[in-house]
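An overview of the molecular structure
In case you want the letters, here they are:
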Amino acid sequence: MPDTLPPDSVGLVTPQTAHFDTPLALAGGKTLSDYTLVYETYGTLNAERNNAVLICHALSGHHHAAGFHSMEDRKPGWWDAYIGPGKAIDTDRFFVVSLNNLGGCHGSTGPASTNPETQRAWGPAFPVLTVADWVHSQARLADRLGIERFAAVVGGSLGGMQVLQWTMAYPERIANAVVIAATPRLSAQNIAFNEVARQAIRSDPDFHDGWYEEHGTVPKRGLKLARMIGHITYLSEHSMGAKFGRDLRTDQLNFGYDVEFQVESYLRHQGDTFSTSFDANTYLLMTKALDYFDPAALHGGDLAKALAPAQCPFLVVSFTTDWRFAPPRSRELVDALMRADKTVSYASIDSPHGHDAFLLPHPRYEAVFGGFMRRAARDLQLEETT
Amino acid sequence: MRADLKLIHDWVPQGARVLDLGCGDGKLLAALARDKQVVGYGLEIDPDGITACIERGVSVIEQDIDDGLSNVEDDAYDLVIMTQALQALQRPDRTLDEMLRVGRECIIAFPNFAYWRHRLYLGIQGRMPVSKSLPHAWYDTPNIHLSTFRDFGQLCRDKGLTIVDQRVGNGDHEPHWSSRLWPNLCGETAIFRITRASR
C-alpha cells in the first residue's frame, strides 16, 4: 500500500455488523433463530434513499469489496477496480452496500459461529443455505439500513445468481440488475468440479466429518486441493500459458515429484494461502448453494416463466474465455429474458483471463458496466452526493 | 435523423414488438420507444454501438446476425428492421428467411448500388464506387454483397414475398421527384417493407 490512497479509491473503510433476532426460515426446512451479518458501505445514502447498490459476492468473496482497511493493506477490496469515485459503480452517486453472506467465514454467522442451542461451534451442523436464503437475509439488511429499493443489485459468478434471485423474489425492491459471468444454473461439468472440491475436503483426515475445530485440526490439505482445482477453472488455458508457460523453477528437470514447473508452484501457493484463510465447512456450503440454484426447475424447466416476476432492466455480461461460466450460459439467461419480454442488454467481453476476468480491469467491460450504471443513475435522477 | 430512418420511423406501427438487426448506436430504437411505445431489442456486434445503446437505455444484445437467429422463436416479433447491414451479411437471402420467420413483417434499408453516382464511378472512371453511403475502399469494405433496388425486388419476387412498400431515400434530404420516377437510378438508399409469401 502506498503512503497515500489513490484518488479513485473509496479510501479507508471499516466493516460494520448488524445483528438480527427475527428467525430466518431457510429453504432447507431449518430456521436460524438469530444471526449476524458483517458488511461495508461506500459513498453516501441520499435523502430519498434511492441510490443504494448491493454487491453480491462469489464463492470465496466477502464484504470487503473496495477500499483499504488500513494503510498497511497490501491490496484493496476484491472489486476495487469497479467501485469508487468515477468508477463503474460511482460512489460519488451511489451508496454501496457489500456484505459477507450468511454461512461465510469473514464475520457473518456461519459454521464457525456458536450454535445457540448447543453452545458449541455449528460446524457441519450449520444448515445448508440456498441463494434464496441469502437474498432473504440481504433484504433484511436492506430493511435495517432503511433501503426500500436498491438502485441496482450487482454480482459476478455466484453473486450473479443472487442478483437473479433478487429480480424474482423482490422485483419491487430492485431498480436494475447486473449479472456478470454467471449462469441461471450450473452445468453437470460445473457440479462435477464442485464435487471434486468437496471430496478433497471431506476425505482429508483432518476434516473429522466437519468437526475439525473440536479436534483442534484444520483440513488444510483438502482445502488446498479444492482451491487448486477451483483456480484452474477460473483461469483460461491462454492466461495460464501466458503467465507460466512451461517455465521451470530451476533450470533443469529433476526427475522427481517436487515442484518443478512454475504453474505447480503458483497453484500450491494459492492453495496454501487459501487453506489458512478460508473455512472448510463454509466452502462446502457455498458450493452446495451454487449447485442447488435452478430457478427454472420450479417452473417445469422454463426459465422465462421463472423470470416472469422480474420488472427491472438487466445487464448481462460474459467473457469470451470463461469456461467455468461460459458465454453460452449467459446467453441462456439472455434468451429467456427476451422470451419473457424483459429489458435486457448483453455484452460478451473479449478477455483472455477466463472466469477471473470479471474481477479484473478491462476498458470495454468498464465502458459497458459504467454505461449501464450511468443510465441507471440518470433514470433515477441521482445527483452527486459528495 | 437520416432520411431512411425517418421513413422507417413513420412506417412502424404504434406499440409494435420490434427486433432491429444491426441497430448501431440505438438511435432508431430509442426514437421508436419514445414516439411509438415500441418495445424490442437491437442486435449489434460493434462494441462502440453496444455501449452507446446501453448508455441510451436501448436493449441491445451482442449477437452476430450471420450466426442466425436460432435463439429467437417463430413469430416472436411484429416487425424486424435491418438498416445498412444487408450488404455486409454472408448470406443476405438466408438472413431474409430468418427475419421473416421470427417476424411477420420486415423493413430493410440498404445502399442502392445502381445509384447514378455509383454508376458514374464505375461507368466513367472505371473504379469501384465510393460515396457517402458506401464510404469504404474495395479492399477494406465490410460490404460484400452489394445489390440494387431492382435486384432486391427481384429476390423478393423469386421468394414469393409480398412487397408492401418500396421507396428510395437520398442521404439526409427529402427524396427528389426524380427518384420517384427512376428509383433504381436516382435513389441512394433502397427501403423495402415486405411480408411473408401469401398462401
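- For chain B, an unreviewed UniProt entry supplies the name Methionine biosynthesis protein MetW and the organism Chromohalobacter canadensis.

Focus on the overall build of chain B
- Helix and strand counts for chain B come out as eight helices and seven strands.
- The C-alpha atoms of chain B give 16 Å as radius of gyration, which agrees with the globular expectation for 199 residues (16 Å, within 12%).
- Along the first, second and third principal axes, the C-alpha set of chain B runs to 45 × 40 × 30 Å.
- Counting the 199 residues in chain B, one finds 51% classified as buried.
- Relative to all contacts within chain B whose residues are 6 or more apart in sequence, the contacts with residues 24 or more apart total 67%.
- For chain B, the computed accessible surface area is about 9700 Å², with 51% contributed by carbon and sulfur atoms.
- Computing the positive centroid from 23 side-chain charges and the negative centroid from 28, chain B places the two 7 Å apart.

Re the nonpolar core
- In terms of nonpolar packing, the biggest core is built from 106 residues, with Tyr283 of chain A together with Ile194 of chain B touching the most fellow members.
- With seven residues, helix 7 (residues 280-292) of chain A is the largest single contributor of residues to this core.
- If we ignore the near neighbours within four places in the chain, the residues touching Ile194 of chain B are Leu96, Leu100, Arg104, Glu105, Cys106, Ile108, Phe152, Cys156, Leu161, Thr162, Ile163 and Val164 of chain B.
- In terms of nonpolar packing, the next biggest core, distinct from the first, is built from 58 residues, Tyr82 and Ala151 of chain A together with Ala16 and Leu32 of chain B among them.

What to know about the interface of chain A and chain B
- Facing the 23 residues of chain A at the interface are 18 residues of chain B.
- A buried area of about 1700 Å², summed over both sides, lies between chain A and chain B, and 48% of it is on carbon and sulfur atoms.
- Interface area lost by chain A to chain B is led by Met338, Tyr346 and Arg364 of chain A, which between them contribute 30%.
- Note that Arg374 of chain A and Glu55 of chain B form a salt bridge whose closest N and O atoms lie 2.8 Å from each other.
- Seen at the junction of chain A and chain B, the total is 13 residue pairs in polar contact (both at pLDDT 80 or more).
- Counting residues per element, the side of chain A that touches chain B draws most heavily on helix 10 (residues 363-379) of chain A, which supplies eight residues.

Digging into the confidence of the model for chain B
- Of the residues in chain B, 96% reach a pLDDT of 70 or more, and the chain-wide mean stands at 92.
- Model confidence for the complex is summarised by a pTM of 0.95, with the ipTM given as 0.94.

Things to note about the packing of helix 4 (residues 220-234) of chain A against helix 6 (residues 262-277) of chain A
Residue and element names in this part refer to chain A.
- The interhelical angle for the contact between helix 4 and helix 6, taken along N-to-C directions, is 130°, at an axis separation of 8 Å. One finds that helix 4 runs oblique with respect to helix 6. You can see that helix 4 and helix 6 cross each other, and the crossing is right-handed. Between helix 4, through Lys220, Leu223, Lys224, Arg227, Met228, His231 and Ile232, and helix 6, the contact on the second element is made entirely by Tyr266, Leu267, Arg268, Gln270, Gly271, Asp272, Phe274, Ser275 and Thr276.
- In terms of residue class, the contact of helix 4 with helix 6 is built from six nonpolar, five polar and five charged.

Things to note about the packing of aromatic side chains
Residue and element names in this part refer to chain A.
- What the rule picks out here adds up to 25 aromatic pairs over all chains.
- Geometrically, the ring pair formed by Trp122 and Phe126 is edge-to-face, given 5.3 Å between the ring centres and 85° between the ring planes.
- Overall, the relative accessible area of 12% leaves Trp122 in the buried class.
- Taking relative accessible area as the criterion, Phe126 reaches 5% and is therefore assigned buried.
- Aromatic side chains Phe207 and Tyr212 sit 5.8 Å apart centroid to centroid with 35° between the ring planes, which places their arrangement in the tilted category.
- Taking relative accessible area as the criterion, Tyr212 reaches 6% and is therefore assigned buried.

Focus on unusual backbone geometry
All names here are of chain A.
- The backbone phi angle of Ser157 is positive, close to 60°, even though this residue is not glycine.
- Mapping Ser157 onto the fold places it in the loop between strand 9 (152-156) and helix 2 (158-169).
- Exposure remark for Ser157: the relative accessible area of 8% places this residue in the buried category.
- The phi torsion at Gln381 lies on the positive side, around 50°, for a residue other than glycine.
- Locating Gln381 in the fold gives a position in the segment after helix 10.

Some remarks on a nonpolar patch on the surface
All names here are of chain B.
- A cluster of nonpolar side chains, namely Trp116, Leu120, Ile124, Trp177, Leu181, Trp182 and Leu185, defines an oily patch on the protein surface of about 770 Å² accessible area.
- Ranked by residues supplied to the nonpolar patch, first place goes to helix 5 (residues 116-125) with three residues.
- Position of Ile124 relative to the elements: it lies in helix 5.
- Given a relative accessible area of 68%, Ile124 falls into the exposed group.

Observations regarding the packing of helix 10 of chain A against helix 3 (residues 47-56) of chain B
- Closest axis-to-axis distance for the helix 10 of chain A/helix 3 of chain B pair is 7 Å, and the angle between their directions is 20°. When the axes of helix 10 of chain A and helix 3 of chain B are compared, the pair comes out roughly parallel. Helix-helix and strand crossings are classified by hand; for helix 10 of chain A and helix 3 of chain B the assignment is right-handed. Side by side, helix 10 of chain A and helix 3 of chain B meet where Arg364, Ala367, Val368, Gly371, Phe372, Arg374, Arg375 and Arg378 of chain A of the first sit next to Pro47, Ile50, Thr51, Ile54, Glu55 and Arg56 of chain B of the second.
- Looking at the contact of helix 10 of chain A with helix 3 of chain B, its residues break down into six nonpolar, two polar and six charged.

Quick word on helix 2 of chain A
Residue and element names in this part refer to chain A.
- Taking 1.5 Å of rise per residue, the 12 residues of helix 2 would be expected to cover 16 Å, and the 17 Å separating its terminal C-alpha atoms lies within 8% of that figure.
- The element helix 2 is largely enclosed, with a buried count of 11 among its 12 residues.
- Looking only at helix 2, the buried set comprises Leu158, Gly159, Gly160, Met161, Gln162, Val163, Leu164, Gln165, Trp166, Thr167 and Met168.

Quick notes on the pattern of salt bridges
- Taken as a whole and assessed by the stated rule, the structure comprises 30 salt bridges over all chains.
- With a shortest N-O distance of 3.1 Å, Arg221 of chain A and Asp206 of chain A are connected by a salt bridge. With a gap of 15 residues between them, Arg221 of chain A in helix 4 and Asp206 of chain A in the loop between helix 3 (188-202) and helix 4 connect regions that are remote in the sequence.
- Between Arg34 of chain B and Asp35 of chain B there is a salt bridge, and its shortest N-O distance comes to 2.9 Å.
- Given the relative accessible area of 58%, Arg34 of chain B is considered exposed.
- Several salt bridges converge on common partners, so that one network encompasses Arg185, Asp294, Arg329 and Glu332 of chain A.

Some thoughts on helix 7 of chain A
All names here are of chain A.
- Compared with an ideal rise of 1.5 Å per residue, which puts 13 residues at 18 Å, helix 7 spans 19 Å between its outermost C-alpha atoms and is within 8% of the ideal.
- Counted residue by residue, helix 7 has 11 buried out of 13 residues, so it is predominantly covered.
- For helix 7, every residue scored as buried is listed here: Ala280, Asn281, Thr282, Tyr283, Leu284, Leu285, Met286, Thr287, Ala289, Leu290 and Asp291.
- The secondary structure elements touched by the buried residues of helix 7 are helix 1 (131-144), helix 2, helix 3, helix 4 and helix 6.
- For helix 7, the side-chain oxygen to backbone nitrogen distance between the N-cap and Asn281 is 3.3 Å, and the N-cap itself is Asp279.

About the thresholds
Residues numbered from 1 in each chain as written. Chains lettered and ligands numbered in written order. Predicted model: local features only at pLDDT ≥ 70, side-chain atom pairs only at ≥ 80, totals over all residues. Heavy atoms only, no water. Helix = DSSP H or I, 4+ residues; strand = E, 2+ residues; numbered from the N terminus. Rg over C-alpha atoms; globule rule 2.2 N^0.38 Å. Buried < 20%, exposed > 50% of the residue type's maximum accessible area, 1.4 Å probe, protein only. Contact = heavy atoms within 4.5 Å. Areas by Shrake-Rupley, 256 points an atom, 1.4 Å probe, with all protein chains shown as cover. Lys, Arg positive; Asp, Glu negative; His and termini not counted. Charge placed at Lys NZ, Arg CZ, Asp CG, Glu CD. Core = buried A, V, L, I, M, F, W, Y, C linked by side-chain atoms within 4.5 Å. Buried area = accessible area lost by both parts, 1.4 Å probe. Salt bridge = Lys/Arg side-chain N within 4 Å of Asp/Glu carboxyl O. Polar contact = N/O pair within 3.5 Å; in protein donor to acceptor, adjacent residues only side chain to side chain. pLDDT = per-residue confidence, 0-100. Axes fitted to C-alpha atoms, helices over the stretch in contact; angles between N-to-C directions. Parallel < 35°, antiparallel > 145°, perpendicular 65-115°, else oblique. Left-handed = near helix turned anticlockwise from the far one by under 90°. Nonpolar A, V, L, I, M, F, W, Y, C, P; charged D, E, K, R; others polar. Phe/Tyr/Trp six-rings, centres within 6.5 Å; stacked < 30°, edge-to-face > 60°. Patch = residues over 30% accessible without salt bridge, like charges linked within 9 Å, V, L, I, M, F, W, Y side chains within 5 Å. Expected span 1.5 Å × (residues − 1).

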